[in-house]
Amino acid sequence: MTDPQIVLTERVQQALAHAFGPEHADADPLIRPSQFADFQANVALSLGKRLRRAPREVAEAIKAELSDFPGTVEVSGPGFLNITLDDSWIASEAQQMAADPRLGVGMITPSQTVVVDYSAPNAAKEMHVGHLRTTIVGDSLARLHEHLGNTVIRQNHLGDWGTPFGMLIEHLLDIGEEAAVAQLEAGMGTEFYQAARVKFDGDEAFRQRARSRVTTLQGGDPTTMRLWHVFMDATVRYFNKLYELLGVTLTNADIAGESMYNPMLERTCDDLEASGTAVMSEGALCVFPPGFTGSDDKPLPLIIRKSDGGYGYATTDMAAIRYRVHDLKADRILYVVGNEQTLHFKMVFAAAKLAGWLPDSVSAEHIQIGMMLGKDGRRFRTRSGESAKLMDLLQEAIDRASAAISERGYDEATRNEIARYVGMGAVKYADLSVSHDSEYVLDFDRMLSFTGNTGPYIQYATARIRSIFRKAGIQPANVKASIVLAAPAERALGLHLLGFGELLMQITADSEPHRLCNFLFQTASLFSTFFEECPVIKAGVDPETRDHRLALCALTLRVLETGLDLLGVPVPERM
Ligand code: ARG
């Protein structure tokens, strides 16, 4: 069972080689879905030019080579090839897909080790909406790589270190450990931070304490380290509540925060300096990767050690990239981080290459995440103008989902579960369905709508197929009938489903989960047309037709369930 577009590409390439010589075997036949046939191949136009032959003549020659093709080939216009596949070929491919536990989805060979750096909220602040997308897109990428057989190493690069921790620890002592932990666990990190900040700005004695606390923290003083752990553990417990609600696969084992690299920073600097990759400039240790200049045309530094001897964000990332290549043995490293950090990552990758820490065999990729905007087109904020709390946003989605289904007569427990799945599905799908580097507007009404390219629409289609099987009194896995594609709507759905495996390969290579959203949206739409035109369990449908249609329903259901799972979107049993 292969994607028809791939099968066709190979067949046309063979035809080209045979008709015009082996040097044409790698030419792209330019196969695209068409409104006049299943597919159109436009290669005859460009090839005709190159061979100085009439494109129609070239097209006819290709057609002649395709005489044993399971479908019809027609030459039209100036030399387009219109290709229509035989129904029986589509059906038998769909049948093979249904018989395959992997639904025709291949494995990446040889399998790769992929480090996915994602989520990475900052502990000194409330996890805000800015981290929602990096979390959700990163989690989907991790799921996709795992599904295709890669070894995935999740790295949650928490912002868990730095000078603010001096004042945070002093504030924790002021209000008492118990109160602090309660506050942090409840997600009041921003309030905690702000209260510390006010004292830091207005109270000289507090400022002194905070400063010397930074020194004892950096020196690894046991009492201070214990307090740091108290702070971090409570914060992480709150992050975990969010991850759990969102159904994100990150666990404590995936935490590899900035603090983890502390013991490596000195050596990182020394090695960079010894190899001549980094040089002293105005008292700071800097790498000047070629090709980066500031507005004044002067070379731009990546500062590895500040002039006061302190380490920064870039130091940690240099240590991290070396660790990921050398210790974790990554083949690919995906940094799922906001696009405002593009320059930072370009410079880190370039500096790591200079240092010889990032060989050509390893690809480091910044998966740029576009900003989430409010309806006013500006960075999403709460009414009071602060960055919005993630938990509040998620709760609002759940409440709205609950209201939307309130009249469907479910008991409270069922309604709560559906509301949670639909709310989280809506938020996650909205995040994923737009290409990851574009901005997108957070619009509850749109994301929760039961029509259009939304999570709830696809969840609903999936739940509807499940309900068909409940009514038919049979498990989808127990359908023994074959797939027969008689009606146009059946054929269109069957043909579409065949593209699933190749799509997953492509979007995993290119880090484009939004294309999976598109595919599932089309699946749900084609299913809904099929279901309107081809009744399955209505009176008057003969048992044989019913069983063939149930077989197509079962395949569609598995594609939807697998696809949604790879996006991390949950599906309620009923809706
Ligand atoms: N904590 C950082 C932030 O919120 C993101 C960290 C991304 N990962 C990295 N290796 N720098 O901006």
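Figured I'd write up the structure that's included with this text. These numbers were taken from a predicted model, which means no experiment stands behind them.

A count of helical and extended segments in the protein gives 21 helices and 13 strands. Expressed as lengths along the three principal axes of its C-alpha atoms, the size of the protein is roughly 85 × 65 × 40 Å. Put simply, the protein has 575 residues, and 51% of those count as buried. Of the contacts formed within the protein by residues at least 6 apart in sequence, a portion of 73% connects residues at least 24 apart. About 25500 Å² of surface is accessible on the protein, with carbon and sulfur atoms providing 50% of the total. Taking the 56 positively charged and 74 negatively charged side chains of the protein as two groups, their mean positions are separated by 2 Å.

Turning next to the sheet that holds strand 8 (residues 284-287). Taking strand neighbours across the sheet as the criterion, the three strands line up as 7-8-9 in an open arrangement whose pairing is antiparallel. Two strands bound the open sheet, and with one partner strand each, they are strand 7 (278-281) and strand 9 (302-305). When the angles between neighbouring strand axes are averaged without regard to direction, this sheet yields 45 degrees. Both strand 8 and strand 9 contribute to a ladder of three bridges, which runs antiparallel. Counted as the bridge partner of V287 is L302 from strand 9.

Here the focus is the environment of D26. Along the chain, D26 falls in the loop between helix 1 (4-20) and strand 1 (31-33). D26 gets classed as exposed once you look at its relative accessible area, which sits at 72%. In this structure the C-alpha to C-alpha distance between D26 and E10, which are 16 residues apart in sequence, comes to 9.2 Å.

What follows covers helix 14 (residues 390-404). Over its 15 residues, helix 14 extends 21 Å from the first C-alpha to the last, a length consistent with the 21 Å expected when each residue adds 1.5 Å. Inspection of helix 14 places L390, L393, L394, A397, I398, A401 and S402 among the buried residues, and these make up the whole buried set. Where helix 14 is buried, its residues meet helix 5 (130-147), helix 10 (222-246), strand 12 (372-373), helix 15 (412-433) and helix 16 (444-447).

Strand residues, when the strand is regular, have side chains that alternate between the two faces of the sheet. The alternating pattern of strand 8 places A284 and C286 and L285 and V287 on opposite faces, both of which are buried. Where strand 7 lies against strand 8, four bridges are found, and the strand directions are antiparallel. Across the sheet, residue M280 finds its bridge partner in strand 8, namely L285.

Around the ligand, the neighbouring residues are D117, A120, N122, H131, H157, Y313, D317, Y335, V337, Q341 and F345. Between the ligand and A120, the relevant distance is 2.9 Å, taken from a nitrogen atom to a main-chain nitrogen or oxygen of the residue. A distance of 2.8 Å separates an oxygen atom of the ligand from a polar atom in the side chain of H131. Protein burial of the ligand: of its 350 Å² of free accessible surface, 90% is covered by the chains. When residues of the shell around the ligand are traced back to their parent elements, those giving at least two are helix 12 (313-326) and strand 10 (332-338). When grouped by side-chain class, the residues that make up the shell around the ligand number five nonpolar, four polar and two charged.

Approximately 620 Å³ is the volume attributed to the second largest pocket. In terms of lining residues, the second largest pocket is bounded by 20 residues, among which Q5, P33, F39, H496 and Q522 are the most central. Residue assignment for the lining of the second largest pocket shows that the elements contributing at least two residues are helix 1, helix 18 (488-497), helix 19 (500-510) and helix 20 (513-533). The biggest single contributor to the lining of the second largest pocket is helix 20, with five residues.

The subject of this paragraph is the nonpolar core. I62, L393, L394 and L516 are the most contacted members of the largest nonpolar core, which totals 148 residues. It is helix 10 that provides the largest number of residues to this core, a total of 13 residues. When sequence neighbours within four positions are dropped, the list of residues in contact with L394 reads L132, L242, L245, L246, M424 and V427. By size, the runner-up hydrophobic cluster in this structure holds 35 residues, among which are V115, Y261, Y323 and F345.

Attention now goes to the packing of helix 17 (residues 455-472) against helix 21 (residues 543-567). The geometry of helix 17 relative to helix 21 is characterised by a closest axis approach of 10 Å and an angle of 140 degrees between their N-to-C directions. As far as their axial angle goes, helix 21 and helix 17 are oblique. Once helix 17 is placed against helix 21, the crossing between them reads as left-handed. In this structure, helix 17 uses I458, T462, I465, R466, I468, F469 and A472 to contact helix 21, whose residues at the interface are R546, L550, C553, A554, T556, L557, L560, E561 and L564.

The subject of this paragraph is the packing of helix 15 against helix 17. It is at 8 Å that the axes of helix 15 and helix 17 come closest, and there the two elements cross at 125 degrees. Overall, the two elements helix 15 and helix 17 adopt an arrangement that is oblique. Where helix 15 abuts helix 17, its residues Y421, V422, G425, A426 and Y429 lie against G455, P456, I458 and Q459. Residue composition of the contact of helix 15 with helix 17, grouped by class: six nonpolar, three polar and no charged.

A few words on unusual backbone geometry. Cis geometry marks the peptide bond from T109 to P110; its omega dihedral reads -10 degrees. Along the chain, P110 falls in the loop between helix 4 (87-99) and strand 5 (113-117). At S511, a position not held by glycine, the phi torsion is positive, near 55 degrees. Residue placement: S511 occurs in the loop between helix 19 and helix 20.

Before going further, it helps to examine the packing of aromatic side chains. The geometry of an aromatic ring pair is captured by two quantities: the separation of the ring centres and the angle between the planes. Applying the stated criterion to the full structure yields twelve aromatic pairs. Here W161 and W228 contribute two aromatic rings whose centre-to-centre distance is 5.5 Å and whose plane-to-plane angle is 70 degrees, an arrangement assigned as edge-to-face. Here W228 lies in helix 10 and W161 lies in the loop between strand 6 (151-155) and helix 6 (164-175), a separation of 67 residues in the sequence. When the centroid spacing of 5.2 Å and the interplanar angle of 50 degrees are considered together, the rings of Y335 and F349 count as tilted. Placement of the pair is Y335 in strand 10 and F349 in helix 13 (residues 342-355), with a sequence separation of 14 residues. As far as burial versus exposure is concerned, Y335 and F349 are alike and both buried.

The rules behind each value
- Residues numbered from 1 in each chain as written.
- Predicted model: local features only at pLDDT ≥ 70, side-chain atom pairs only at ≥ 80, totals over all residues.
- Heavy atoms only, no water.
- Helix = DSSP H or I, 4+ residues; strand = E, 2+ residues; numbered from the N terminus.
- Buried < 20%, exposed > 50% of the residue type's maximum accessible area, 1.4 Å probe, protein only.
- Contact = heavy atoms within 4.5 Å.
- Areas by Shrake-Rupley, 256 points an atom, 1.4 Å probe, with all protein chains shown as cover.
- Lys, Arg positive; Asp, Glu negative; His and termini not counted.
- Charge placed at Lys NZ, Arg CZ, Asp CG, Glu CD.
- Pairing = 2+ DSSP bridges.
- Axes fitted to C-alpha atoms, helices over the stretch in contact; angles between N-to-C directions.
- Expected span 1.5 Å × (residues − 1).
- Near = heavy atom within 4 Å.
- Polar contact = N/O pair within 3.5 Å; in protein donor to acceptor, adjacent residues only side chain to side chain.
- Nonpolar A, V, L, I, M, F, W, Y, C, P; charged D, E, K, R; others polar.
- 1 Å grid on protein atoms, 1.4 Å probe; cavity = no way out; pocket = protein on both sides within 12 Å on 5 of 7 lines; lining within 4 Å.
- Points joined across faces, edges and corners; volume = space filled by probe spheres on them.
- Core = buried A, V, L, I, M, F, W, Y, C linked by side-chain atoms within 4.5 Å.
- Parallel < 35°, antiparallel > 145°, perpendicular 65-115°, else oblique.
- Left-handed = near helix turned anticlockwise from the far one by under 90°.
- Phe/Tyr/Trp six-rings, centres within 6.5 Å; stacked < 30°, edge-to-face > 60°.

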